[in-house]
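Summary of the model geometry
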Amino acid sequence: MAKNTYKAEDIKILEGLDAVRTRPGMYIGTTSVKGLHHILWEIVDNAVDEAANGYANKIDIVIYADGSASVEDNGRGIPTDIHSKAGVSGVQVVFTQLHAGGKFDSDSYNYSGGLHGVGASVTNALSEWLEVEVYKNTVYKMSFKSFLDKETGKIRSGVPVAPLKDTKEKTKKKGTFVRFMPDARVFETIVWNADTIVKRIKELAFLNKGLEINFHDERTNIYHRFKYEGGIVDFVKYLNEGKQTLYPEPLYAQAEKDGILVEFAIQHTTAYVDSICSYVNNIPTGEGGMHETGFRSGLTRSFNDFAREKNILKDKDDNLLGDDFKEGLTAILSIKMKNVQFEGQTKTKLGNPEARPAVEYVTVNELETLTKNKKLSKTFETIINKAMGAAKVRLAAKKAKEIARASKSIEAQTLVGKLASCSGRKPELNELFIVEGDSAGGSAKKARDRRYQAILPLRGKPLNVEKKKLDQILQNEEIRTIISALGTGIGSEFDIENLKYHKVIILSDADVDGYHIRILLLTFFFRYMKDLINEGHVYIGMPPLYGVKKGKTEEYAYDDAELKKVQEKVGRGAEIQRYKGLGEMDASQLWETTMDPEKRSLIRVTIEDAAEADRLITILMGDEVTERKKYIFENSDFNREDTFAKIKR
Ligand code: 1YM
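Remember, it's a predicted structure, so these values are computed and weren't measured experimentally.

1. What about the environment of Lys-227?
Within the secondary structure, Lys-227 sits in the loop between strand 7 (222–226) and helix 7 (232–239). Considering only alpha carbons, one finds Lys-227 and Glu-212, 15 residues apart in sequence, at a separation of 4.5 Å. Filtering out sequence-adjacent residues up to four positions away, Lys-227 remains in contact with Gly-210, Leu-211 and Glu-212.

Take a look at the structure:
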């Protein structure tokens, strides 16, 4: 850490202040309101550095009614002794020599602020006046002023009014106080933005645990106090406020590697987006950079290692990806290092290549240590499970993309499979019947009105629902035929404008297989063609459960209650047939009961139905055998009303 005894000779003198005054943009980037705040941060940074090096723990910032601002810390105080080469006090050097300060000597200072590191002299150069007080047993004072140089006609700024003076006034305080008035001739505006200041000092308080930062705005008489004993752990908790966290305490670690101090805190939430905020020497690196890259790969490696060690990931499984662990991740990465190089559009990207391996090393090492902590094993498992879920979705989405691509080529081909298309060319009139079983399919083909009704039979047991994962289902020929028949594409490619049938009618038996087919199709539509359901194009066809025949008349009943009524109506001697499947009906029966728009009854599927189907399919297709058996057992009465009620609920 920094030396306790400071020698003013350490200071390196580089340049005068006039250059800053003539080209402020070169030193603070802009003279906009952003530049205005920049000169405040220069002073605040020196105070924060003093705290970061362990000499101060309190900073007070005041905005005065006259528009000036002050910063005070309780550190060692800027050196007051005479700098041997400059022949003036340390204070004078700090405020009049550009790039002055042990800060720019990598031996005498630890971590420079980089972007803000141009120093307090820049603030002085761009101020109308600036006052410094140093408290070391007595109060030292010095002030600087800008004035018009009559000889050159130019404004000179930051000129000492008098050398640093020991007022001999006794004080118990320790530290440095700096107050300045930004120069209205330099800045587009000199009105401080309290929100900007509060936001930044809060961030600084999070990044420097235990550091108390107070803010008082005299203009509005508003006070703020920030102090976080938990540092970036508190930061992560703060960012996750109002979100549902997956484990109560953020994971936290801190270590040094090759002269780079690395500190991070992470916590996952149920959200899908991530927010990783990284900092170098307290400066936000919005564009990321080497440290973030190292951090991400460190996280990915550690969690994968853990998942393999615990056998959550099996030998045959692929590693989870960084993106999988990112889902719902809130993280703060804060590093401290020397000679930082910023790159990128907004110069907020860390370019130092050495930061990457150092951060990755620390991340992996420290997380490994944490995994050994029994109390945290649940946390790690939770993180892996969340990532596994993300991976599943990722793979399904990838498949969907592939299928979407494939569906384009399928559409280009003449239809494979057994689709019997209709001759009509008006999509709003056209209907696609997806019929369970070849025999029912055959009857439907005979019965249909071929002008507007198309039939797609699904084979006897087309899909072994329990064993197939959704991506495999997408490879199923019938599903592919449905995709190409509908013409809309799927997933992100889905376009309802191209829909060729405005009614898509699922016709399946009222038994376990039929039920499976139905929820499978609904799940497929739900996941890959959601708007098909949202726009009300999906229907469930309702074949009757009973046929009641007496002589030449034949009536149908769709449930037990209706059967009673029909029996009463038809009278004794009727022959009752219970249809076990669509296949038992001949073409004319099928037409009359299920397909004829005049007589049939259809149920329009709502998005809630489909969402429920999607949930059920997880039970029915999932690995939880007992859950599935239980479910099927409890729902084994697949009469029409009941089955649908299950989906509808
Ligand atoms: C309100 C602003 O500037 N505090 C501050 C600045 C310095 C020191 C302490 C300090 C640093 C060192 C030794 C060192 C600075 N000193 C220099 C320089 N608060 C504020 N508090 N002793 C005191 O870095 O070794 C620059 S900043 F150059 F003189 F060392």
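Structure shown, so let's carry the discussion forward.
2. Let's talk about the sheet that holds strand 2 (residues 69–73)
Overall, mixed pairing links the seven strands, which are arranged 4-3-5-2-1-6-7 in an open sheet. The two strands at the open ends of the sheet, each matched to only one other strand, are strand 4 (154–160) and strand 7. With direction set aside, neighbouring strand axes in the sheet form an average angle of 20°. Running at roughly 170° to strand 6 (residues 212–217), helix 6 (residues 194–207) makes contact with strand 1 (58–63), strand 6 and strand 7 of the sheet.

3. Regarding the nonpolar core
In this structure, Leu-40, Phe-95 and Phe-180 are the most contacted members of the largest nonpolar core, which totals 59 residues. Of all the elements, helix 3 (residues 33–52) adds the most residues to this core, at nine residues. Filtering out sequence-adjacent residues up to four positions away, Phe-180 remains in contact with Ile-39, Leu-40, Ile-43, Ser-68, Ala-69, Thr-123, Ser-127, Trp-129, Leu-130 and Trp-192. With 39 residues, the next largest nonpolar core counts Val-262, Ile-266, Phe-342 and Val-362 among its residues.

4. Details of unusual backbone geometry
The bulk of non-glycine residues show a negative phi, and the bulk of peptide bonds are trans. The phi dihedral of Asn-281 is positive, around 50°, even though this residue is not glycine. Backbone geometry at Asn-339 places phi at a positive 50°, although glycine is not the residue there. Mapped onto the elements of the fold, Asn-339 is located in the loop between strand 12 (329–336) and strand 13 (342–343).

5. What to know about the packing of helix 3 against helix 6
When two helices pack together, you describe them by how their axes are tilted relative to each other and by the distance separating the axes. Relative orientation of the contacting elements helix 3 and helix 6 amounts to 25°, with a least axis distance of 12 Å. One way to sum up the angle between helix 3 and helix 6 is to call them roughly parallel. With respect to the hand of their crossing, helix 3 and helix 6 are arranged in right-handed fashion. Residue-level contacts link His-37, Leu-40, Trp-41, Val-44 and Val-48 of helix 3 to Thr-196, Ile-197, Arg-200, Ile-201 and Leu-204 of helix 6. Counted by class, the contact of helix 3 with helix 6 contains seven nonpolar, two polar and one charged residues.

6. Describing the confidence of the model for the protein
Per-residue pLDDT for the protein has a mean of 86; in total, 85% of the residues score no lower than 70. Contacts from residues 1–15, a stretch scored under 50 in pLDDT, to residues over four places away or in other chains number 43 contacts. Here residues 636–649 scores under 50 on pLDDT; set against residues more than four positions off or in separate chains, the count is 34 contacts.

7. Points about the packing of aromatic side chains
Under the definition given, this model contains 12 aromatic pairs. Arranged with centres 6.3 Å apart and planes meeting at 40°, the rings of Phe-235 and Tyr-279 form a pair that is tilted. In this pair, Phe-235 is assigned in helix 7 and Tyr-279 in strand 10 (residues 275–280), connecting sequence segments 44 residues apart. Exposure class is identical for Phe-235 and Tyr-279. Each is buried. Taken together, a centroid distance of 5.1 Å and an interplanar angle of 35° make the contact between Phe-303 and Phe-325 tilted. One end of the pair, Phe-303, is in helix 8 (residues 290–309); the other, Phe-325, is in helix 9 (residues 322–326), with 22 residues separating them in the sequence.

8. Here we look at the pattern of salt bridges
A full pass over the atoms with the stated rule returns 24 salt bridges. One salt bridge in this structure joins Arg-200 and Glu-203, with 2.8 Å as the shortest N-O distance. Linking Arg-200 with Glu-203, this pair stays in helix 6, spanning three residues, or about one helical turn. Here the two residues Arg-200 and Glu-203 agree in accessibility, since each one is buried.

So, how was this worked out
- Residues numbered from 1 in each chain as written.
- Predicted model: local features only at pLDDT ≥ 70, side-chain atom pairs only at ≥ 80, totals over all residues.
- Heavy atoms only, no water.
- Helix = DSSP H or I, 4+ residues; strand = E, 2+ residues; numbered from the N terminus.
- Contact = heavy atoms within 4.5 Å.
- Pairing = 2+ DSSP bridges.
- Axes fitted to C-alpha atoms, helices over the stretch in contact; angles between N-to-C directions.
- Core = buried A, V, L, I, M, F, W, Y, C linked by side-chain atoms within 4.5 Å.
- Buried < 20%, exposed > 50% of the residue type's maximum accessible area, 1.4 Å probe, protein only.
- Parallel < 35°, antiparallel > 145°, perpendicular 65-115°, else oblique.
- Left-handed = near helix turned anticlockwise from the far one by under 90°.
- Nonpolar A, V, L, I, M, F, W, Y, C, P; charged D, E, K, R; others polar.
- pLDDT = per-residue confidence, 0-100.
- Phe/Tyr/Trp six-rings, centres within 6.5 Å; stacked < 30°, edge-to-face > 60°.
- Salt bridge = Lys/Arg side-chain N within 4 Å of Asp/Glu carboxyl O.

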